[in-house]
Each structure stands twice: as structure tokens, then as C-alpha cells.
Amino acid sequence: MSKLAVAGKSGKQQGLQVCSICGNYCENKTDIKHCPTCNNDISERKNNSLQKTWALLITAIIFIIPANVYPITFLLKNNNLYPDTIMSGIISLVDSDMQGIALIVFIASIAVPILKIVALVFITLAVQLGWRFSARRQLLIFSFVDWVGRWSILDLFVISIMVAVFDKGSLLSVYPGVAATSFTVVVIATLFAANSFDTRLIWDAQRPEINTKTQDKL
Amino acid sequence: MTSAIPTMDTGHVAKCIRCEQVIYKKSWCNPSGLLALCITALIITIPAFNLPLISIHLLGITEETNLIQGAIMMIDVAPLVSFVVLLCAVIAPTLLVLSIAISSVSLALNHKAIFLPKVFKVTRLLIHWSMLEVYMVSLMVAIFKLMNYADLYIGSGFYFFVALLLLNLTIISNYSNHQYWEKYQSL
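The structure presented is a predicted model; accordingly, all values stated were derived computationally and were not measured.

### What about the overall build of chain A?
Here is step 1 of the chain: Per the secondary structure count, chain A includes 9 helices and 5 strands.
Here is step 2 of the chain: Secondary structure elements of chain A occur, N-terminal to C-terminal, as α-β-β-α-β-β-α-α-α-α-β-α-α-α.
Here is step 3 of the chain: When each of the 218 residues of chain A is scored for burial, the buried share is 47%.
Here is step 4 of the chain: Across chain A, the fraction of contacts at a sequence separation of at least 24, relative to all contacts at a separation of at least 6, is 62%.
Here is step 5 of the chain: When the accessible surface of chain A is summed, it comes to about 10700 Å², and 62% of that surface belongs to carbon and sulfur atoms.

Right, here's the structure in full:
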């Protein structure tokens, strides 16, 4: 750490790079490939951030279709198999007067994954095509998506509890369906997509004249 | 935006001037205190995962369910689902507490262990995958769903699980990866 960073200037302007593992910074030179503090790989921006995000987003978009079309659980009752998709499960919750629970499940398993994919596609497109859209608002959307994303695992936990409770040789048992695996892929892919996206790219993509304007304001 | 860490009092946070995200948090981050919390959490982990969380009475049969059974049961039908549930509800929270415990022991004893950087790195990754609070909400959803079918009783594991969740949240909110790196450097 020979050079001390000054507040109010980006790392790029100061010729510094921040380590993503330990959060310390060092000079950005071509011969510095490892962080001097923790010895992990260091780079100015996450490598191939946009490509990785796109690949994971496309995976999520493909798998969200089977996740919603095919049954996520099968209920075996008196030797009859009753399949349940995500949506039909929510409808049956509403029918049995549990609107609150239905709302939680709806938000966690339908609203959040779709919202997350749409928001990430929008932000990555905005970065890639250099759209004129408030950088701070983009980051706000991103951090909301990042924070809310983990809650879509909820449905998988519920399935695991239901399977365990009902799968012990009684007349009633529950099995996970094809959609459960697809839904898992969607959740994991979106989590990794948000993780591989480098938020600093939002500011890099802003037109230079906007960039200098915001710097004057600060 | 890159900036040197300013001197701050405990409980204050430094925010990025461009995006207003917290970039540095000066929390109560005392290795020996965290170690005590981690050991408590590790002890509570055993009953929380092994004792029954809920039990139901159905057609004269009582069935009990614990956290690990739930994940293991699906392993041949849907291995991926089972793996993710195990990872987020069992493996990640336990490993997270364990890795914070290991790094705290080493920092509390002023011992500069060579494996510490790896432990810090793993801890940072695991924080994202530890989802006990999501599991808690899922448990509530499952309980409400199951009340339609059968009589439901809350098992003893449930209380241990709540305790584990609270401990876990305390540990995560007080742990600061960056401060541990600083302490490691100054050893």
C-alpha cells in the first residue's frame, strides 16, 4: 500500500484496484496480479462479469418455464396421485382461507424470481448498451434484487419439510416433482448472476459527460 | 470509488459517496467475544438439527420430523433440491460458525496461522449461503399448510432452532471480514 487513496475519486482515476476478497487496495499495474495483503487474484473489475451474468441469466430464463409448467410436488392420497404446480399450490392456499401464507409463497416463488430476472436483464442491457438511466437508481434496483433473492429458496425448504412429514409410510405422502429441480436451478442461477455482476460497471457505462457532471456536484 | 479507511468510533459506518452503500462497518468485533458466541452456537447446533422440529398426529400415528431428515429424504428423487436445502440450512450455517470460531481462536491467541487467509475467504462466501432465517419463515409456512391435514405439535428442536437462529444473526451482524483482515495484518 504505497499509495494512499483519496476519498471522492474512483479507483480507476487514482490508478488503484480493490481486492474483492479482503477489501484492501493496491496500485493498478500490469505486473500486480495478486493482492499484496491476502495473495488472492486481483483485478480492477471482475473478469468477464457481463458474459458470466448473461450466461447465468439465460439459464434462469430457460429453466423458469418448466419450473412453472410442471408439477412441483405430488401428493399421494389413497393411492391417487395429485400433482401440484407452484400456481395451483398458491390457489389452493387462497381457497382454504390462508391469504397471508399464499401471499408469502407467491412473492417468494413467483414474483421474486421473475422480478429478479427482469431487473438483472434490464441492468445488464443498460450497462452493455450505455443507456442514459440514473446510475444510482440502477444500483438501488440491483441491491434490492440482491437482498430479496435469497428468499426464493423458501419454497424449496417448505417442500423439504412437507416431504419429511408425509413420507413415512402413512396413507399420505408427498414427492418433489420435476419443477422442484428446475426451480432450484433458477434460484441458484439468479443468485450467481447477481454475484458475478460488478456494480462498478454501471458507473463505467455512464457517458463521460454525465460522469464529470456528477463529480462536480460531489 | 476507492478510499482509505477513515478513523471511526465503534458502531459507525462508512458509506460510499457515489452510491451510498456501506463500504466499511466498524462493529463490535471482538475475537474472544465472537468465539464464545460461536462455541454456544456450535453446541446448540446439535440438538437443533437432531431433535424433532414438528410432529404431527395423523390417523393415530405420530410422525416426527427434524431438519436433516427433511433434506435427506429427497436425495434419490431430487438430488439437486436436496443438496441445496442441505447446503443452505445445514452445511453453510455450521461451517460459517466453525470458520469464524477458528479465525477467532487464532486472533484471540495472537497466533498468525498460515491457513487464516483461506478461512477468511471461505467465511466471506458462506455468509451469503447461510439462510437460517429463510428456513424459519418456511417452517412457519409449512406449519400453517399442515394444520389443514392434521394435529400439529411443536417439538423441542424448534426452540433450539430459534436459539440457533438468534445466535447466528448476532454473530453475522457483529463479524466483520475486513476488520479480521486488519487484525491478521497487524499480527
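### Things to note about the overall build of chain B
Here is step 1 of the chain: Scanning chain B for helices and strands turns up 7 helices and 5 strands.
Here is step 2 of the chain: When the helices and strands of chain B are listed from N to C terminus, the series reads β-β-α-β-β-α-α-α-α-β-α-α.
Here is step 3 of the chain: A total of 187 residues make up chain B; the buried ones form 50% of that total.
Here is step 4 of the chain: For chain B, long-range pairs separated by at least 24 residues make up 69% of all intrachain contacts whose partners lie at least 6 apart in sequence.
Here is step 5 of the chain: Carbon and sulfur atoms make up 66% of the accessible area of chain B, which amounts to about 8700 Å² in all.
Here is step 6 of the chain: The average position of the 10 basic charges and that of the 8 acidic charges among the side chains of chain B differ by 20 Å.

### Considerations on the pattern of salt bridges
Here is step 1 of the chain: Per the stated rule, a full pass over the model turns up 2 salt bridges over all chains.
Here is step 2 of the chain: Between B:E133 and A:R150 there is a salt bridge; the shortest N-O distance is 2.2 Å. In this pair, B:E133 is assigned in helix 5 (residues 132–146) and A:R150 in the loop between helix 5 (135–148) and helix 6 (154–166), connecting two distinct chains.
Here is step 3 of the chain: Relative accessible area serves as the criterion here: at 15%, A:R150 is assigned to the buried category.
Here is step 4 of the chain: Ionic pairing is found between A:R200 and A:D198, a salt bridge with its closest N-O pair at 3.1 Å.

### Considering the packing of aromatic side chains
Residues and elements named next belong to chain B.
Here is step 1 of the chain: Summed over all chains, the structure comprises 11 aromatic pairs over all chains.
Here is step 2 of the chain: Ring centres of F120 and Y180 lie 5.9 Å apart, and the angle between their planes is 80 degrees; this geometry places the pair in the edge-to-face category. Separated by 60 residues along the polypeptide, F120 in helix 4 (residues 116–129) and Y180 in helix 7 (residues 177–185) bring together distant segments of the chain.
Here is step 3 of the chain: Using a relative accessible area of 0% as the deciding quantity, one classes Y180 as buried.
Here is step 4 of the chain: An aromatic cluster of at least three residues, connected via ring pairs, comprises F120, Y175, Y180, W181 and Y184.

### Some remarks on the environment of A:I114
Residues and elements named next belong to chain A.
Here is step 1 of the chain: Among the structural elements, I114 can be located in helix 4 (residues 99–129).
Here is step 2 of the chain: For I114, a relative accessible area of 42% corresponds to the partly exposed category.
Here is step 3 of the chain: In this structure the C-alpha to C-alpha distance between I114 and V186, which are 72 residues apart in sequence, comes to 9.8 Å.

### Concerning helix 7 of chain B
Residue and element names in this part refer to chain B.
Here is step 1 of the chain: Of all the residues in helix 7, the buried ones are N177, H178, Q179, Y180, W181 and Y184.
Here is step 2 of the chain: Contact partners of the buried residues in helix 7: strand 2 (22–25), helix 1 (31–50), helix 3 (79–108) and helix 4.
Here is step 3 of the chain: For helix 7, the side-chain oxygen to backbone nitrogen distance between the N-cap and Q179 is 3.1 Å, and the N-cap itself is S176.

### Observations concerning a nonpolar patch on the surface
Here is step 1 of the chain: Residues B:I91, B:L95, B:L98, B:I102, B:I114 and B:F115 make up a contiguous nonpolar surface patch of roughly 560 Å² in combined accessible area.
Here is step 2 of the chain: Under the relative-accessibility criterion, B:F115 is labelled partly exposed at 45%.

### Thoughts on the interface of chain B and chain A
Here is step 1 of the chain: Tallying the contact residues gives 53 residues for chain B and 62 residues for chain A.
Here is step 2 of the chain: Carbon and sulfur atoms make up 73% of the surface buried where chain B meets chain A, a total of about 5400 Å² over both sides.
Here is step 3 of the chain: Scanning the region where chain B abuts chain A turns up 1 salt bridge.
Here is step 4 of the chain: Of all the secondary-structure elements, those providing two or more residues to the side of chain B that touches chain A are strand 3 (54–58), strand 4 (61–65), helix 2 (67–72), helix 3, helix 4, helix 5 and helix 7 of chain B.
Here is step 5 of the chain: It is helix 5 of chain B that provides the largest number of residues to the side of chain B that touches chain A, a total of 11 residues.
Here is step 6 of the chain: Split by residue class, the side of chain B that touches chain A holds 32 nonpolar, 13 polar and 8 charged.

### Examining helix 5 of chain A
Residue and element names in this part refer to chain A.
Here is step 1 of the chain: Compared with the 20 Å implied by 1.5 Å per residue over 14 residues, the 20 Å span of helix 5 between its first and last C-alpha is a close match.
Here is step 2 of the chain: Within the span of helix 5, buried status applies to A135, Q138, L139, F142, V145 and V148.
Here is step 3 of the chain: Looking at the buried side of helix 5, the elements it contacts are helix 4, helix 7 (178–196) and helix 8 (200–205).

### Thoughts on the domain arrangement of chain A
Residues and elements named next belong to chain A.
Here is step 1 of the chain: Segmenting chain A into domains produces domain 1 (1–44) and domain 2 (46–217).
Here is step 2 of the chain: On a C-alpha basis, the centres of domain 1 and domain 2 stand 33 Å from each other.
Here is step 3 of the chain: On the side of domain 2, 5 residues touch domain 1, which itself brings 5 residues to the contact.
Here is step 4 of the chain: Counting every contact that joins domain 1 to domain 2 gives 0 salt bridges.
Here is step 5 of the chain: The interface formed by domain 1 and domain 2 includes 0 residue pairs in polar contact (both at pLDDT 80 or more).
Here is step 6 of the chain: Partitioning the side of domain 1 that touches domain 2 into residue classes produces 1 nonpolar, 2 polar and 2 charged.

Cut-off values and rules
- Residues numbered from 1 in each chain as written.
- Chains lettered and ligands numbered in written order.
- Predicted model: local features only at pLDDT ≥ 70, side-chain atom pairs only at ≥ 80, totals over all residues.
- Heavy atoms only, no water.
- Helix = DSSP H or I, 4+ residues; strand = E, 2+ residues; numbered from the N terminus.
- Buried < 20%, exposed > 50% of the residue type's maximum accessible area, 1.4 Å probe, protein only.
- Contact = heavy atoms within 4.5 Å.
- Areas by Shrake-Rupley, 256 points an atom, 1.4 Å probe, with all protein chains shown as cover.
- Lys, Arg positive; Asp, Glu negative; His and termini not counted.
- Charge placed at Lys NZ, Arg CZ, Asp CG, Glu CD.
- Salt bridge = Lys/Arg side-chain N within 4 Å of Asp/Glu carboxyl O.
- Phe/Tyr/Trp six-rings, centres within 6.5 Å; stacked < 30°, edge-to-face > 60°.
- Polar contact = N/O pair within 3.5 Å; in protein donor to acceptor, adjacent residues only side chain to side chain.
- Patch = residues over 30% accessible without salt bridge, like charges linked within 9 Å, V, L, I, M, F, W, Y side chains within 5 Å.
- Buried area = accessible area lost by both parts, 1.4 Å probe.
- Nonpolar A, V, L, I, M, F, W, Y, C, P; charged D, E, K, R; others polar.
- Expected span 1.5 Å × (residues − 1).
- Domains from an automatic or database assignment.

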